[in-house]
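Letter by letter, the chains look like this.
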Amino acid sequence: MTKQKKDKLVYILLWVSIVVLILIGLYVLKLVGGTTIRNISNAFQSVFIPFSIAFFLSFIIGPLAEVFEKKLHFKRGLSIIFAIFIGLIAILGLLAFIFINLFVQMTSIFSSLFQMIDIPWIQSVVSAISAFIQSNLDNTNISELLNQLTVNGFSFDQMFEVFAAFVGLISNITASIFQAIMILILTPVFLYYLIKEKTYIFTSINHVFPSKIQPHLEALGSRIDTSVRNYLKGEGVMIALIAGYFSITLGILSFFIPGFRFEMALIFALIMGLFNIVPYIGAWIALSLPLIYLFTKHLEVHQSASNLNIYIIAIIVVIILQIIEQIIESSIVQPVVLGSKVQIHPLLVLSSLLFFGGIFGFVGVLLAVPLAATLKSSLEYFRSLNKPKEKKVAKE
């Protein structure tokens, strides 16, 4: 092993050790002061989540505000307010349209499934599951515990524990609702100031640090800005292309499938395009919606004593269309649309999904890739700083 490889291995092991020690320290802090850390974490999330959403939305709504200001000659503040209003109304309206239609369809699907309970083979499956659960209950202490609770009733301690658990559940639900309301209130406020005074805000933050670090922070901020901007532009084009692809293919398929309306095909296409925001996983989650719908239609046909297998064929066709789309997307569309500047390693993307999703929930999943792009730009910048040093060492 050469000296350069040994130094690289030592460098990697050093960083791994630092990360492990930090994680162990965080775990110990959680054990020692779990409540305090939880409160600090909740306070941090209540500010970080709306700020992050506003930061990434500013790349989308900011250009719209510039159009109102330059083309329509609105004042700066009025153009930003108008752009935020139109942008948020468009986003919320689109989400409401999708979820309302999705809720209506899922309601009809579940009602169809409940109507199928009278089918003999479904009854046999339900009976088998019930018998399995009952046998497991009989073979454990659960049935004995249930009998004791039925005969003896709850003690005061048990009632207090149940009441405490209920109060904790209500408090968690209330906290979640309050956090959601604060996100809805703070996001437009942060968005307004990030569009109006983004340069001033980040310049002020930069001046807090020592003068030696300020040029690096400016260069790093410029890289992050370019990387996130390119990613969001490319992702918008990707969503439009995927939605267009499935609008055409599922729209054509709807003419040959009884009960599969063209409007439903467009809704599924739009959902499959939007779910592309969550890489790798989102496409297959969105695919489950038309598959469930078609499978339910297939069960309804069997319930009416018909031997049509057209819905099974439709399910196979939809899966094939999804596989074709994934191949075209990964091999042709992504390299052309996103380019090499925003290409992120799949391991980093999946790690970001798990990490930020675990910390910030669903919002973290949506922001995982932009945050990963930010992390990638930071690492590339620090790596570029080390290259001149490596060249000097090589010359010596």
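Residues numbered from 1 in each chain as written. Predicted model: local features only at pLDDT ≥ 70, side-chain atom pairs only at ≥ 80, totals over all residues. Heavy atoms only, no water.

Undergrad: Please clarify how the overall build of the chain should be interpreted in this entry.
TA: Secondary structure summary: the chain contains 12 helices and zero strands in total. The linear arrangement of helices and strands in the chain, starting from the amino end, is α-α-α-α-α-α-α-α-α-α-α-α. Here the chain, with 396 residues, has 29% of them falling under the buried criterion. Pairs at least 24 residues apart make up 71% of the contacts formed inside the chain by residues separated by at least 6 positions. Summed over all atoms, the accessible surface of the chain reaches about 25,900 Å², with 73% contributed by carbon and sulfur. (Helix = DSSP H or I, 4+ residues; strand = E, 2+ residues; numbered from the N terminus. Buried < 20%, exposed > 50% of the residue type's maximum accessible area, 1.4 Å probe, protein only. Contact = heavy atoms within 4.5 Å. Areas by Shrake-Rupley, 256 points an atom, 1.4 Å probe, with all protein chains shown as cover.)

Undergrad: What is the right way to read the nonpolar core from this model?
TA: Side chains of a nonpolar character, in soluble globular proteins, are inclined to be buried together. Judged by nonpolar contacts, the single largest core of 33 residues is most densely connected at F56, I84, L191 and I195. Here the element with the most residues in this core is helix α2 (residues 34-70); it accounts for 10 residues. Beyond its immediate sequence surroundings of up to four residues, I84 is in contact with I61, P188, L191, Y192 and I195. Among the nonpolar cores identified, the runner-up in size contains 27 residues, and I98, I257, M264 and I315 belong to it. (Core = buried A, V, L, I, M, F, W, Y, C linked by side-chain atoms within 4.5 Å.)

Undergrad: Looking at this model, I keep getting lost on the environment of T374. Mind explaining?
TA: Relative to the helices and strands, T374 resides in helix α12 (residues 362-395). Sequence spacing of T374 and T226 is 148 residues, and the spatial spacing of their C-alpha atoms is 9.7 Å. Excluding residues within four positions of it along the chain, T374 makes contact with I224 and V228.

Undergrad: Help me understand the pattern of salt bridges, please; the structure alone is not making it clear to me.
TA: Any two side chains of opposite charge can pair if their charged atoms end up close together. Under the definition given, this model contains two salt bridges. For E69, the salt bridge goes to R76, with nearest N and O atoms at 2.9 Å. Among the salt bridges present, the one from R261 reaches E263, with a minimum N-O distance of 3.2 Å. (Salt bridge = Lys/Arg side-chain N within 4 Å of Asp/Glu carboxyl O.)

Undergrad: Where do I start with empty space enclosed by the protein in this structure?
TA: In this approach the atoms are scanned with a rolling probe the size of a water molecule, which exposes any empty space left behind. Under the definition given, this model contains one cavity of 30 Å³ or more. Put simply, the largest cavity is a space of about 40 Å³. What lines the largest cavity is I242, F246, M272, N276, A283, A286, Q322, E325, Q326 and E329. Elements with a contribution of two residues or more to the lining of the largest cavity: α7 (214-254), α9 (281-303) and α10 (310-337). The leading source of residues in the lining of the largest cavity is α10, at four residues. (1 Å grid on protein atoms, 1.4 Å probe; cavity = no way out; pocket = protein on both sides within 12 Å on 5 of 7 lines; lining within 4 Å. Points joined across faces, edges and corners; volume = space filled by probe spheres on them.)

Undergrad: Explain the side chain of T187 to me, please; I cannot follow it from the model alone.
TA: Looking at the secondary structure, you find T187 in helix α6 (residues 156-208). Taking relative accessible area as the criterion, T187 reaches 7% and is therefore assigned buried. Other than its neighbours up to four places away in sequence, T187 contacts P50, I53, A54 and L57.

Undergrad: Got a minute to help me understand a nonpolar patch on the surface in this structure?
TA: A cluster of nonpolar side chains, F166, V167, L169, I170, I173, I177, I181 and I185, forms an exposed patch at the surface whose accessible area comes to about 710 Å². Along the chain, V167 falls in helix α6. (Patch = residues over 30% accessible without salt bridge, like charges linked within 9 Å, V, L, I, M, F, W, Y side chains within 5 Å.)

Undergrad: Can you help me understand the environment of D225 in this one?
TA: Take D225: it is sitting in helix α7. With sequence-adjacent residues up to four places away left out, D225 is seen in contact with F59 and K198.

Undergrad: Can you walk me through the packing of aromatic side chains in this structure?
TA: In this description, an aromatic ring pair is defined by two values, namely the gap between the centres and the angle between the planes. According to the stated counting rule, one finds 12 aromatic pairs in the structure shown. Between F55 and F59, the ring centres sit 5.2 Å apart and the planes meet at 90°, which makes this aromatic pair edge-to-face. Placement of the pair is F55 and F59 together in helix α2, with a separation of four residues, close to one helical turn. For the pair F55 and F59, one class covers both residues: buried. Taking 5.0 Å as the distance between ring centres and 55° as the angle between the ring planes, the aromatic pair formed by F68 and F82 counts as tilted. (Phe/Tyr/Trp six-rings, centres within 6.5 Å; stacked < 30°, edge-to-face > 60°.)

Undergrad: Which parts of the structure should I look at to understand the packing of α7 against helix α8 (residues 262-274)?
TA: The description of two helices packed together rests on the angle between their axes and the distance between the axes. Put simply, α7 and α8 touch, their axes get as near as 8 Å, and they point 155° apart. When the interaxial angle is binned, α7 and α8 end up roughly antiparallel. Where α7 crosses over α8, the two elements pack in a sense that is right-handed. Counted together, I239, I242, A243, F246, S247, L250, G251 and S254 of α7 and F262, A265, L266, F268, A269, L270, M272, G273 and L274 of α8 form the full contact between these two elements. Per-class residue counts for the contact of α7 with α8 are 13 nonpolar, four polar and no charged. (Axes fitted to C-alpha atoms, helices over the stretch in contact; angles between N-to-C directions. Parallel < 35°, antiparallel > 145°, perpendicular 65-115°, else oblique. Left-handed = near helix turned anticlockwise from the far one by under 90°. Nonpolar A, V, L, I, M, F, W, Y, C, P; charged D, E, K, R; others polar.)

Undergrad: Quick question: what am I supposed to make of α8 here?
TA: Since there are 3.6 residues in each turn of an α-helix, residues three or four apart along the chain are aligned in direction. Over its 13 residues, α8 extends 19 Å from the first C-alpha to the last, a length consistent with the 18 Å expected when each residue adds 1.5 Å. Among the residues of α8, M264, A265, I267, F268, A269, I271, M272 and G273 are the ones counted as buried. (Expected span 1.5 Å × (residues − 1).)

Undergrad: In this structure, what is going on with unusual backbone geometry? I would like to understand it.
TA: Note: most residues except glycine have negative phi, and most peptide bonds are trans. Of note, the phi angle at H73 is positive, near 60°, even though the residue is not glycine. Inspection of the secondary structure puts H73 in the loop between α2 and α3 (76-115).

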